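Listed below are the residues making up each chain.
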Amino acid sequence: MTDTKPVPVLEAKDIVAGYGEVDILHGVSVTVHSGEMVAIIGPNGAGKSTLLRTIFGLLDARGGQVRLKGEDITNRAPDQLVLCGLSYVPQVDNVFPSLTILENLEMGAFVRQDGLAERLDRVFSLFPDLTDRRGEKAGKLSGGQRQMLALGRALMLDPDVLLLDEPSASLSPKMVELIFDRINLINSEGTGILLVEQNANEALSACDRGYVLAMGENRLEGEAKSLLDNEEVGKLYLGT
Amino acid sequence: MSTYADRLRGNLRVFNEFVAGPGLWILITLLFTYAALFETQLFVIGLIVGSVLALGSIGLTLIYGVLRFGNFAHGDLMMMGAYVTFFLLNGTLLGQRRDTNIGVGLNDLPAGTERLGDLTFGYSFLIAVALSAVVLAVVCIGLDRLVYRPLRRRGSAIVTFAIASLGIAFSVRALLLIIWGPDPRTYVSGIHKAQHYPFDVVLKTDQVFIMVVAIVMAGLVYLLLFRTKLGKAMRAYSDNPDLALVSGINTDRVIFWTWVIGGSLMAIAGSLLALQANLKPELGFQLLLPLFAGAILGGLGKPQGALIGALVVGVAQEVSVAYISAGYKPAVAFLILILILLIRPRGLFGDAN
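Since the model is a prediction, treat every value here as computed from it, not as a measurement. (Residues numbered from 1 in each chain as written. Chains lettered and ligands numbered in written order. Predicted model: local features only at pLDDT ≥ 70, side-chain atom pairs only at ≥ 80, totals over all residues. Heavy atoms only, no water.)

1. A closer look at the overall build of chain B
Okay, step 1: Looking only at helices and strands, one finds 12 helices and four strands in chain B.
Okay, step 2: In summary, chain B has a C-alpha radius of gyration of 21 Å against a globular reference of 20 Å for 353 residues, a match within 12%.
Okay, step 3: The principal-axis extent of the C-alpha atoms belonging to chain B is close to 70 × 55 × 40 Å.
Okay, step 4: Per-residue burial for chain B yields a buried fraction of 50% across its 353 residues.
Okay, step 5: Of the roughly 16400 Å² of accessible surface on chain B, 67% is carried by carbon and sulfur atoms. (Helix = DSSP H or I, 4+ residues; strand = E, 2+ residues; numbered from the N terminus. Rg over C-alpha atoms; globule rule 2.2 N^0.38 Å. Buried < 20%, exposed > 50% of the residue type's maximum accessible area, 1.4 Å probe, protein only. Areas by Shrake-Rupley, 256 points an atom, 1.4 Å probe, with all protein chains shown as cover.)

What follows is the structure, encoded as structure tokens:
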């Protein structure tokens, strides 16, 4: 983080959203500054994934506002949001299994074809594992490789902010380390990152700042390091 | 208990991978070799019947692949395409007691009915088929807006889509009966001369034309799906509609083009079928079983599979005539369907998962 006044790239303010008649989020706010890596943690059912889905226009916000680079993008459709510089990686089913690796990446760049070759090169240099297997079907990949491909697909539009829903879910500890290493690298190249994690320790050690959500409300926020040491965080996870 | 079930599942998978798949290919090779050697004439006719079926099956498999439901209206919409071509050629509708003619038709074009080479039709037919393809594309998009899109927005189950398509099938057939009546129709009346080919095969040139068109169309659909951006997006949508949306793929456009291509194929298939058979409203429904048999045999969602599957169904149906009554032709298609569902439900080209 820089000492100059940070500029918010992504700003979600007082978001109210939910499924059916039930509100899951009761006015949640998060901010991602330029080049920042931010974690949202919290116990099961806190509304973390719902928040990401709402920011990305997959779920209607019933209240509040989402701004990207100052522009109001509340309730815009995903195919418009990817053009504005926002990308999203879902937690599960995040590749096209019967398409090849290369085709998966091409689909990531569906809305913008210029400079396709350079962006492909960048993804393949980030994930060399995928390079030799570009003609293989994504359905054949291991869990970790799928996660890499999913990240690669989301990077194909060179987004300003990347939304990641539990990137470490159901991966081996070694693979979690590798994936976070890559996410850090992507972040260091200037892409803002907002990620949701169950795995609070892993997420907070990798990120600059963190938000703790519980019952659809902001509970705590601050520097990731300070949250790691905060006793209240542990208590929240135990449900007290 | 679960270990037993796992073992059983494992065995089934091994059976499917190493026995059922190759076994099917061997069976098909045997059928084709036997038919080609000993029932050459029926074999060739089978390939032509199969070609027409293939055009229908490819459309069916494409719509299934993208929209994930079996379109039971496919046969009847094919017939609608055939009738639209008929109308465009002659301008004929059913009136009271006798036909009404609106007085103009593409057959009135200068030299429009002059035969192209040994074919029975002139260029007016080609124009009529092309226009009919446009009409059917529009009809399909209209049906999607009216029926399927509201179901999609409601998140309806697949079976709801299938039943809705069955309703459309009944309505379309009734509409054809009202507009053109129950009498059989033909595009070109009179006796069509057949040509003699090597191995004592007798064929009409129209039939050769049908086969070439079917193979070219299958090739085009394959190229579309695997070589173009739109085709890849269609496959992506078929794989995972939610992720397609997240990737920024305009899913409405993918569905739009699926219906455009599916509808055009319906019109072409129906019109080619009517070139060599009498056109009747109920023909579409009778086609449904062999169409599904072909698509499922090839592996639902796979155009190259639909081509081969439909050819197999066509050949099996025609060759069966040498041994059992022709009335059992639909039973042959049904038998193939049952067999494939029993031993390898994913078909020849279907993905393992």
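Additional details are given in the paragraphs that follow.
2. Some details on the overall build of chain A
Okay, step 1: The number of helices and strands found in chain A is 10 helices and 10 strands.
Okay, step 2: For a compact globule of 240 residues, the expected C-alpha radius of gyration is about 18 Å, and chain A comes in at 17 Å, within 12% of that figure.
Okay, step 3: With respect to the three principal axes, the spread of C-alpha positions in chain A is 50 × 45 × 35 Å.
Okay, step 4: In chain A, buried positions account for 53% of the 240 residues.
Okay, step 5: Expressed as a percentage of contacts within chain A between residues at least 6 apart in sequence, the contacts between residues at least 24 apart total 67%.
Okay, step 6: When the 23 basic and 35 acidic side-chain charges of chain A are each reduced to a single mean position, those positions are 3 Å apart. (Contact = heavy atoms within 4.5 Å. Lys, Arg positive; Asp, Glu negative; His and termini not counted. Charge placed at Lys NZ, Arg CZ, Asp CG, Glu CD.)

3. Structural notes on a nonpolar patch on the surface
Residue and element names in this part refer to chain B.
Okay, step 1: Together, Tyr-197, Val-208, Val-212, Val-216, Leu-220, Tyr-222 and Leu-223 make up a nonpolar patch on the protein surface, roughly 580 Å² of accessible area in all.
Okay, step 2: Tallying contributions element by element places helix H6 (residues 205-227) first for the nonpolar patch, with six residues.
Okay, step 3: Its place among the elements puts Val-208 in helix H6. (Patch = residues over 30% accessible without salt bridge, like charges linked within 9 Å, V, L, I, M, F, W, Y side chains within 5 Å. Salt bridge = Lys/Arg side-chain N within 4 Å of Asp/Glu carboxyl O.)

4. Regarding the nonpolar core
Okay, step 1: Membership of the largest hydrophobic core comes to 146 residues, with the highest contact counts inside it found for Leu-10, Ile-55, Leu-86, Leu-163 and Leu-194 of chain A.
Okay, step 2: By residue number, the principal contributor to this core is helix H2 (residues 40-67) of chain B, which donates 17 residues.
Okay, step 3: In contact with Leu-163 of chain A, other than residues within four places in its own chain, are Leu-10, Leu-52, Ile-55, Phe-56, Leu-86, Ser-87, Tyr-88, Val-89 and Leu-194 of chain A.
Okay, step 4: Counting residues in each nonpolar core, the second largest holds 46 residues, with Leu-116, Leu-120, Phe-180 and Ala-200 of chain A among its members. (Core = buried A, V, L, I, M, F, W, Y, C linked by side-chain atoms within 4.5 Å.)

5. Points about the packing of helix H3 (residues 74-90) of chain B against helix H4 (residues 123-154) of chain B
Residue and element names in this part refer to chain B.
Okay, step 1: For the pair H3 and H4, the least separation of the axes is 8 Å and the interaxial angle reads 135°. Relative to H4, the element H3 is oriented oblique. Crossing hand, H3 versus H4: right-handed. Contacts between H3 and H4 involve Leu-77, Met-80, Gly-81, Val-84, Thr-85, Leu-88 and Leu-89 from the first element and Ser-124, Phe-125, Ala-128, Val-129, Leu-131, Ser-132, Val-135, Leu-136, Val-139, Cys-140 and Leu-143 from the second.
Okay, step 2: Here the contact of H3 with H4 is composed, by residue class, of 14 nonpolar, four polar and no charged. (Axes fitted to C-alpha atoms, helices over the stretch in contact; angles between N-to-C directions. Parallel < 35°, antiparallel > 145°, perpendicular 65-115°, else oblique. Left-handed = near helix turned anticlockwise from the far one by under 90°. Nonpolar A, V, L, I, M, F, W, Y, C, P; charged D, E, K, R; others polar.)

6. Side note on the sheet that holds strand E5 (residues 71-72) of chain A
Residue and element names in this part refer to chain A.
Okay, step 1: With antiparallel pairing, four strands are arranged side by side in an open sheet as E2-E1-E4-E5. Pairing within the sheet leaves two strands with one partner each, and these edge strands are strand E2 (22-33) and E5.
Okay, step 2: With two bridges joining them, strand E4 (residues 63-68) and E5 adopt antiparallel strand pairing. By the bridge assignment for E5, Arg-67 is matched with Asp-72. (Pairing = 2+ DSSP bridges.)

7. Overview of the interface of chain A and chain B
Okay, step 1: In this complex, chain A contributes 23 residues to the contact, which on the side of chain B involves 18 residues.
Okay, step 2: Approximately 1900 Å² of surface area, both sides summed, lies buried where chain A meets chain B, with 61% of it carried by carbon and sulfur atoms.
Okay, step 3: If you sort the residues of chain A by the area they bury against chain B, Phe-96, Met-107 and Phe-110 of chain A come out on top, with a joint share of 34%.
Okay, step 4: In this structure, the connection of chain A to chain B is made through two salt bridges.
Okay, step 5: Lys-232 of chain B is paired through a salt bridge with Glu-106 of chain A; the nearest N and O atoms lie 2.9 Å apart.
Okay, step 6: Counting across the chain A and chain B interface gives six residue pairs in polar contact (both at pLDDT 80 or more).
Okay, step 7: Of all the secondary-structure elements, those providing two or more residues to the side of chain A that touches chain B are helix H2 (78-84) and helix H3 (101-108) of chain A.
Okay, step 8: Looking at the side of chain A that touches chain B element by element, the count peaks at four residues for H3 of chain A. (Buried area = accessible area lost by both parts, 1.4 Å probe. Polar contact = N/O pair within 3.5 Å; in protein donor to acceptor, adjacent residues only side chain to side chain.)

8. Some thoughts on the sheet that holds strand E7 (residues 161-165) of chain A
Residues and elements named next belong to chain A.
Okay, step 1: With respect to topology, six strands assemble into an open sheet ordered E6-E7-E8-E3-E9-E10, the strand pairing being mixed. Bordering the open sheet on either side are strand E6 (86-89) and strand E10 (217-223), each of which pairs with just one other strand. Strand-to-strand twist of the sheet, defined as the mean angle between neighbouring strand axes without regard to direction, takes the value 15°.
Okay, step 2: As defined by bridge partners, strand E3 (residues 37-41) adjoins strand E9 (residues 209-214) across four bridges and the pair is classed as parallel.

9. Regarding the pairing of E4 of chain A
Okay, step 1: Bridging between strand E1 (residues 8-19) of chain A and E4 of chain A involves five bridges; their strand directions are antiparallel. In the strand pairing of E4 of chain A, Leu-10 of chain A is matched with Leu-68 of chain A.

10. With respect to the pattern of salt bridges
Pairing of side chains with opposite charge becomes possible as their charged atoms draw close.
All names here are of chain A.
Okay, step 1: For the structure shown, the criterion picks out 14 salt bridges over all chains.
Okay, step 2: Residue Arg-76 is joined to Glu-71 by a salt bridge in which the shortest nitrogen-to-oxygen separation is 2.9 Å.
Okay, step 3: Residue Arg-76 is classed as partly exposed on the basis of its relative accessible area of 23%.
Okay, step 4: A relative accessible area of 39% places Glu-71 in the partly exposed class.
Okay, step 5: Among the ionic pairs, Asp-158 bridges to Arg-122, the shortest N-O distance being 3.2 Å.

11. What to know about the environment of Gly-305 of chain B
Residues and elements named next belong to chain B.
Okay, step 1: Note that Gly-305 resides in helix H11 (residues 303-320).
Okay, step 2: Among the residues examined, Gly-305 registers a relative accessible area of 0% and is labelled buried.
Okay, step 3: Along the backbone, Gly-305 and Pro-281 are 24 residues apart, and their C-alpha atoms lie at a distance of 28 Å.
Okay, step 4: The contacts of Gly-305, once residues within four sequence positions are left out, are Gly-294, Gly-298 and Phe-349.

12. Concerning the environment of Phe-124 of chain A
Residues and elements named next belong to chain A.
Okay, step 1: In this structure, Phe-124 sits in helix H4 (residues 116-126).
Okay, step 2: Separated by 20 residues in sequence, Phe-124 and Gly-144 have C-alpha atoms that sit 15 Å apart.
Okay, step 3: In contact with Phe-124, not counting residues within four places along its chain, are Ile-101, Leu-102, Leu-105, Leu-130, Thr-131 and Arg-134.

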